[in-house]
Amino acid sequence: MGAGPALLLATGLLTTHVLRAQVKPDSTKTPSALQPQQIRLMTEGTITYKLQCSGASKEEAGILAGTAYILSLKGSRVRTDFTGVLGSTTTIYSSLSHAGALLEEYGQEKILIRMTKDDFEDLGKPYKMTYTLTGDTATIAGYPCKKAVGRTVTGDTLQIWYSPDLLPQNKEYSYRFNPLPGLPLQYEGMMGASKVVYLAVKVSLDPVPGAKFEIPKTGYREMLYADSKKLY
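What comes next concerns the included structure. Because the structure is a prediction, the values reported are computed rather than measured.

Note that Thr-89 resides in strand 6 (residues 87-94). The exposure class of Thr-89 is buried, given its relative accessible area of 5%. A polar atom in the side chain of Thr-89 sits 2.7 Å from the side chain of Tyr-106.

This is the structure:
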């Protein structure tokens, strides 16, 4: 599968589950600095991101121009589709079964990797961050956002803009962003030595068909997660 899958995974990893809007009081007696006073939950919808990189090489710019990143959300289930000129990577996860699958399509190759919660945690481990809130605010895709600065395990600092109006109830929605009190609508990722910005351009609360979260039964060559790690 060459470098394509690794590149897409490195820029597109965000195993996400978010829940639809409703408000309830925060009953926590001693809220942390990363907890809002009210909680807005989002249970269903679709978030579409575009990718930008001001310092991208010609090759990277070509990849970004043909790339789409979409999160499809429904209750305890999440699907992320990261599609580019090299192929596509899809993740499907259920917080009820604590399991899911990774689907990869590159040329004629179609691979399905069934994954446990531990597998997803292992996959997301290099992307985990600690956060510092800055107090800066902005409006993105029509939602008020607050700024946080994330620090990766390798010491890189990345900027994240999250919306308290879009807060995931399920804390397994993302091993990368779950400490934040809101869904990231703009954030930075790495493509090689370049920082890539993921910018939400559309947030839809329309219902998402349940069939979108079903793991395919045919058409894919199955591979164990432990074996797939040897490819990257």
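Now that the structure has been shown, we can carry on.
A few words now on the environment of Thr-139. Within the element layout of this structure, Thr-139 appears in strand 9 (residues 129-140). With relative accessibility at 61%, the residue Thr-139 sits in the exposed group. It is 9.5 Å that separates the C-alpha atoms of Thr-139 and Leu-185, two residues lying 46 residues apart in sequence.

This brings us to the nonpolar core. Counting 43 residues, the largest nonpolar core has Ile-47, Tyr-49, Tyr-69, Phe-177, Leu-185 and Tyr-198 as the members making the most contacts within it. Of the residues forming this core, the biggest block, five residues, is contributed by strand 13 (residues 194-204). Those residues within four positions of Leu-185 in sequence are excluded, and the remaining contacts are Tyr-49, Ile-140, Tyr-143, Cys-145, Trp-161, Tyr-162, Ser-163, Leu-166, Tyr-198, Leu-199, Ala-200 and Val-203.

This structure, assessed with the given rule, holds eight aromatic pairs. Seen in terms of ring centroids, Tyr-49 and Tyr-187 are 5.8 Å apart; in terms of plane orientation they differ by 75°. Their pairing is edge-to-face. Taken together, the positions of Tyr-49 in strand 3 (residues 44-52) and Tyr-187 in strand 12 (residues 183-191) put the pair 138 residues apart, joining distant regions of the chain. Owing to a relative accessible area of 3%, Tyr-49 belongs among the buried residues under this scheme. The exposure class of Tyr-187 is buried, given its relative accessible area of 1%. Summarising the aromatic geometry, the rings of Phe-82 and Tyr-198 are spaced 6.5 Å apart at their centres and angled 40° between planes, so their arrangement reads as tilted. Highlighted residues: Phe-82 in strand 5 (residues 77-84) and Tyr-198 in strand 13, separated in sequence by 116 residues. Of the two residues, Phe-82 and Tyr-198, neither departs from the other in class, the shared state being buried. Members of the aromatic cluster, connected to one another through ring pairs, are Tyr-49, Tyr-69, Phe-82, Phe-177, Tyr-187 and Tyr-198.

In this section: helix 2 (residues 58-65). Within helix 2, the full set of buried residues consists of Glu-60, Ile-63 and Leu-64. Along the axis of helix 2, the buried positions cluster into a sector of 95°, meaning they face one direction only. Turned more than 90 degrees away from the buried face of helix 2 sit Lys-58 and Ala-65, all of them exposed.

Attention shifts here to the pattern of salt bridges. Scanning all chains against the criterion turns up five salt bridges. Notably, a salt bridge pairs Glu-222 with Arg-114, separated by 3.2 Å at the nearest N-O pair. Of the two residues, Glu-222 sits in strand 14 (residues 221-222) while Arg-114 sits in strand 8 (residues 109-116), which places them 108 residues apart along the sequence. Relative accessible area serves as the criterion here: at 42%, Arg-114 is assigned to the partly exposed category.

Now for the side chain of Ser-204. Considering the arrangement of structural elements, one finds Ser-204 in strand 13. By relative accessible area, Ser-204 is classed as buried at 14%. If sequence neighbours within four positions are ignored, Ser-204 has contacts with Met-42, Glu-44, Gly-45 and Thr-46.

Criteria and thresholds
- Residues numbered from 1 in each chain as written.
- Predicted model: local features only at pLDDT ≥ 70, side-chain atom pairs only at ≥ 80, totals over all residues.
- Heavy atoms only, no water.
- Helix = DSSP H or I, 4+ residues; strand = E, 2+ residues; numbered from the N terminus.
- Buried < 20%, exposed > 50% of the residue type's maximum accessible area, 1.4 Å probe, protein only.
- Polar contact = N/O pair within 3.5 Å; in protein donor to acceptor, adjacent residues only side chain to side chain.
- Core = buried A, V, L, I, M, F, W, Y, C linked by side-chain atoms within 4.5 Å.
- Contact = heavy atoms within 4.5 Å.
- Phe/Tyr/Trp six-rings, centres within 6.5 Å; stacked < 30°, edge-to-face > 60°.
- Arc of directions from axis to C-beta.
- Salt bridge = Lys/Arg side-chain N within 4 Å of Asp/Glu carboxyl O.

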